Amino acid sequence: MRHYRLGAHTKTDLKVHLVWVPKYRKAVLVGEVAIRVRDLLRQIAAEHELEIVSGKVARDHIQMFVSYRPNQPVSQIMQRLKGISSRVLLQEFPHLRKKFWGRHLWARGYLAVSSGTITDEMIREYIDEQEGEQIADDSRFSIDNL
C-alpha cells in the first residue's frame, strides 16, 4: 500500500535517494562516530518533517532514502543534514577536528536521485498521446491549442 503525505490541499509521495561523503573520502564513520551520525540524522529528519525510508552509514559515505514535503527543496534538505551533523560531530569528537580542519566534515557535493512509480518514458508517452493538434518547432516541448 502506498503511503501519501497529506497537506491542506495536497497529497504527495516525493522521495529522494541522497548520498554524500566526508572530505577526502576518509573512512571516519566507524564506531561511536557512526552511531552518533545515525542518531543525529534521525533527529534532524524528525525536526524537519523528513521521513527516512531507509539509510546506511558506511565507513566513507552516507546513503539515505527520504520522503519529503513539496515545499522542501532538496538543496535545503541537504544543507540541513550536512550542516547540522557536521557542526555537532566536530564539536563532540576532537579527533575529527584534527582530520578535518576548517570546520568542514563533509565534501562539497552530494548525489540526489528522485524516485517515482512511473518511468520517464511513460510520462513522455502520456504527453504525446494527449488530444489536439500540436504546433511546435521542438518535438520535446510542443504547443497544444494555439
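Refer to the structure presented above.
In this text the structure is predicted, and so the values were computed from the model without any measurement.

Asks: I'm lost on the packing of aromatic side chains in this one. Help?
Replies: Between two aromatic rings, the relevant description is the distance of the centres plus the angle of the planes. Under the criterion given, the structure shown has 1 aromatic pair. Judged by centre distance (6.0 Å) and plane angle (80°), the ring pair of Trp-20 and Trp-106 falls under edge-to-face. Here Trp-20, found in strand S3 (residues 14-20), pairs with Trp-106, found in the loop between helix H3 (94-99) and strand S6 (111-115); they are 86 residues apart in sequence, far enough to count as distant. If you follow Lys-11 out to its NZ or CZ, it ends over the ring of Tyr-4, 5.5 Å from the centre. When the ring centre of Phe-100 is taken as origin, the NZ or CZ atom of Lys-26, which lies over that ring, is 5.6 Å away.

Asks: Would you take a moment to explain the environment of Ser-85 for this structure?
Replies: Tracing the backbone shows Ser-85 in helix H2 (residues 74-92). As a C-alpha pair, Ser-85 and Leu-105 span 20 residues in sequence and 8.7 Å in three-dimensional space. With sequence-adjacent residues up to four places away left out, Ser-85 is seen in contact with Leu-40, Leu-41, Ile-44, Arg-80 and Trp-106.

Asks: What am I meant to see in the environment of Arg-36 here?
Replies: By the secondary structure assignment, Arg-36 is in helix H1 (residues 31-47). Arg-36 gets classed as partly exposed once you look at its relative accessible area, which sits at 24%. Sequence separation of Arg-36 and Val-88 is 52 residues, and the distance between their C-alpha atoms is 9.5 Å. With residues up to four places along the chain from it excluded, the contact list for Arg-36 reads Val-88, Leu-89, Glu-92 and Phe-93.

Asks: In this structure, what is going on with the sheet that holds strand S4 (residues 51-57)? I would like to understand it.
Replies: Sheets are built from strands paired through backbone hydrogen bonds, the pairs being either parallel or antiparallel. Ordered by their spatial adjacency, 4 strands build an open sheet running S4-S5-S3-S6, and the pairing between neighbours is antiparallel. Each edge of the open sheet is held by one strand with a lone partner, namely S4 and S6. Each strand of the sheet is rotated relative to its neighbour by a mean of 15°, with strand direction disregarded. In this sheet, strand S5 (residues 62-68) lies alongside S4 in antiparallel orientation, the contact comprising 6 bridges. Among the inter-strand pairings, Glu-51 is bridged to a residue of S5, identified as Ser-67.

Asks: What is the right way to look at the packing of H1 against H2 in this model?
Replies: To characterise two packed helices, one gives the angle between the axes of the helices and the distance between these axes. Look at H1 against H2: their axes get within 10 Å of each other, and the N-to-C directions meet at 140°. With respect to their mutual orientation, H1 and H2 come out oblique. Seen along the crossing, H1 lies across H2 with a hand that is right-handed. Touching Val-33, Arg-36, Val-37, Leu-40, Leu-41 and Ile-44 of H1 are Arg-80, Leu-81, Ile-84, Ser-85, Val-88, Leu-89 and Glu-92, all from H2.

Conventions adopted
- Residues numbered from 1 in each chain as written.
- Predicted model: local features only at pLDDT ≥ 70, side-chain atom pairs only at ≥ 80, totals over all residues.
- Heavy atoms only, no water.
- Phe/Tyr/Trp six-rings, centres within 6.5 Å; stacked < 30°, edge-to-face > 60°.
- Helix = DSSP H or I, 4+ residues; strand = E, 2+ residues; numbered from the N terminus.
- Lys NZ or Arg CZ within 6 Å of the ring centre and 35° of its normal.
- Contact = heavy atoms within 4.5 Å.
- Buried < 20%, exposed > 50% of the residue type's maximum accessible area, 1.4 Å probe, protein only.
- Pairing = 2+ DSSP bridges.
- Axes fitted to C-alpha atoms, helices over the stretch in contact; angles between N-to-C directions.
- Parallel < 35°, antiparallel > 145°, perpendicular 65-115°, else oblique.
- Left-handed = near helix turned anticlockwise from the far one by under 90°.

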